[in-house]
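These are the residues of each chain, in order.
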Amino acid sequence: MNILNNILNINIQHLPTQELLLNHPLNIRLFVKRLDLIHPYLSGNKLFKLKYNLQHIMQHKYRGILSFGGAYSNHISALAYACHTLKLDSIAIIRGEELKYQALNPLLQQAQQHGMHLHFVSRDEYSLRHDDEYLQQLQTQYPDYFILPEGANNQYAIQGCQEILTPEDNHHYDIVCCAVGTAGTIKGLISSDFNGDILGFSALKGDFLTQEIKLFTNKNNWRIIDDYCMGGYAKSSKILEQFIMQMQQEYQLPLDRIYTAKMFYGIFDLIQQGYFKANSRILTIHSGGLHHHLNQQA
Ligand SMILES: *Cc1c(COP(=O)(O)O)cnc(C)c1O
């Protein structure tokens, strides 16, 4: 349990918050909670999502964890490191059968070096990842493994993500912004004590996320914005690449192209459109997704 505590206490209490000086005529102020600085492997929101999952798994003495992800999944990368450190076995079901015949990308290579077993499956099989019968089959095949959903998106993850916001944040900020994938993170923020507005910038097309969150909560201080997914999940563009360089130069703020760059692009666009009231204090959650330790772009 000591190693677990060491992992779980990394920097969480003292996350630096950076202000991006906008000199906006309406005195809109923009702050960034730098979860990306927590740890090179357990970066961003992923540590919060794993926290109570790992606690549960250690307490119940599972042999290992089985989870799901795409070839560039930050969740898989974080999970591999956590399991390695806690001496748990790990299995990842990875989307894309064709990857079996290709060289592993740096992120999957790293996961494998951390002892994770990678199972590449077809998109059809991957689409069964929430199917009860399929999960039951996996559980029978791996009886002493804890099956963790894609993106660790379960009740424990939501519980962990509530801790991204502190009681002080409630006093300091009017609005919180985060990037949204599986929506575990924003569900945590919504169920925290924060009572300002919560804006989720979706990295995916479609409003199914809004429907899903409506089923999760009765609160209505939140909104999913999917105008900035820029063509869909993991799609990039020259404009986005340029924006990432600009944010680095102007604010020394590194952004990933799948989640945080699209969120910040959206926030700046909404500021320009006059979406936010005068004197708004906006807190954005930098959820990580950077892989400096890989020395290559993953
Ligand atoms: C995983 C991830 C997200 C999405 O979090 P969800 O809880 O799945 O919505 C956002 N940003 C980054 C950098 C991520 O790695």
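Since we're looking at a predicted model, the values are computed, not measured. (Residues numbered from 1 in each chain as written. Predicted model: local features only at pLDDT ≥ 70, side-chain atom pairs only at ≥ 80, totals over all residues. Heavy atoms only, no water.)

**Observations regarding the pattern of salt bridges**
This structure, assessed with the given rule, holds 10 salt bridges. The closest approach of N and O atoms between Lys33 and Asp169, which form a salt bridge, is 2.8 Å. Pair noted here: Lys33 is in strand β2 (residues 29-34) and Asp169 is in helix α8 (residues 167-172), with a separation of 136 residues, a long-range link. Note on accessibility: Lys33 and Asp169 belong to one class, buried. (Salt bridge = Lys/Arg side-chain N within 4 Å of Asp/Glu carboxyl O. Helix = DSSP H or I, 4+ residues; strand = E, 2+ residues; numbered from the N terminus. Buried < 20%, exposed > 50% of the residue type's maximum accessible area, 1.4 Å probe, protein only.)

**Observations regarding the site of the ligand**
Looking at the ligand, there are 15 residues lining it, with Lys46, Lys49, Asn74, Thr182 and Thr185 nearest. One nitrogen or oxygen atom from the side chain of Asn74 is found 2.6 Å from an oxygen atom belonging to the ligand. With respect to the ligand, the backbone of Ala183 contributes an N or O atom lying 2.9 Å from an oxygen atom. Among the elements of the structure, α2 (45-59), β7 (175-180) and α9 (184-190) are those that each provide at least two residues to the shell around the ligand. Per element, the largest residue contribution to the shell around the ligand is 3 residues, and it comes from α2. Its residues assigned to classes, the shell around the ligand shows 4 nonpolar, 9 polar and 2 charged. (Near = heavy atom within 4 Å. Polar contact = N/O pair within 3.5 Å; in protein donor to acceptor, adjacent residues only side chain to side chain. Nonpolar A, V, L, I, M, F, W, Y, C, P; charged D, E, K, R; others polar.)

**Here's the deal with unusual backbone geometry**
Of all residues except glycine, most have a negative phi; of all peptide bonds, most are trans. The backbone of Asn27 sits at a positive phi, close to 60°, despite the residue not being glycine. Within the secondary structure, Asn27 is located in the loop between β1 (17-20) and β2. Look at Asn27 and you get partly exposed, because its relative accessible area is 39%. In this structure, Ala152 takes a positive phi of about 55° despite not being glycine. Along the polypeptide, Ala152 turns up in the loop between β6 (145-147) and α7 (155-161).

**Quick word on the nonpolar core**
Among the nonpolar cores identified, the biggest contains 54 residues, and Leu50, Ile186 and Ile285 are the most heavily contacted of them. Excluding its chain neighbours within four sequence positions, the residues that come into contact with Leu50 are Leu42, His75, Ala78, Leu79, Ala82, Leu148 and Ala152. With 29 residues, the next largest nonpolar core counts Leu20, Leu199, Ile244 and Phe276 among its residues. (Core = buried A, V, L, I, M, F, W, Y, C linked by side-chain atoms within 4.5 Å. Contact = heavy atoms within 4.5 Å.)

**Focus on the packing of helix α3 (residues 74-86) against helix α4 (residues 106-113)**
In the contact formed by α3 and α4, the axes pass within 8 Å of each other and the chain directions differ by 20°. Comparing the axis directions of α3 and α4 gives the class roughly parallel. Of the two possible hands of crossing, α3 and α4 adopt the one that is left-handed. The segment α3 lies against α4, with Asn74, Ile76, Ser77 and Ala80 engaging Leu107, Leu108 and Ala111. In terms of residue class, the contact of α3 with α4 is made up of 5 nonpolar, 2 polar and no charged. (Axes fitted to C-alpha atoms, helices over the stretch in contact; angles between N-to-C directions. Parallel < 35°, antiparallel > 145°, perpendicular 65-115°, else oblique. Left-handed = near helix turned anticlockwise from the far one by under 90°.)

**Observations regarding the packing of aromatic side chains**
If you walk through the whole model with that rule in mind, you get 11 aromatic pairs. Ring centres of Tyr41 and Tyr81 lie 4.8 Å apart, and the angle between their planes is 10°; on these two criteria the pair is classed as stacked. Here Tyr81 lies in helix α3 and Tyr41 lies in the loop between β2 and α2, a separation of 40 residues in the sequence. Following the ring pairs from residue to residue traces out a cluster consisting of Phe201, Tyr228, Phe243, Tyr251, Tyr265 and Phe268. (Phe/Tyr/Trp six-rings, centres within 6.5 Å; stacked < 30°, edge-to-face > 60°.)

**Overview of the sheet that holds strand β9 (residues 222-225)**
Pairing within the open sheet is mixed, and its 6 strands lie in the order β1-β2-β10-β7-β8-β9. At either margin of the open sheet sits one strand with a lone partner, and together these are β1 and β9. Direction aside, the axes of adjacent strands within the sheet are offset by 25° on average. As defined by bridge partners, β7 adjoins strand β10 (residues 281-286) across 3 bridges and the pair is classed as parallel. Paired with Ile175 across the bridge in β10 is Ile282. Set on the sheet, helix α10 (residues 208-216) makes contact with β7, β8 (197-202) and β9; between it and β9 the angle comes to about 160°. (Pairing = 2+ DSSP bridges.)

Bear in mind that shape data such as this cannot, by itself, settle questions of function.
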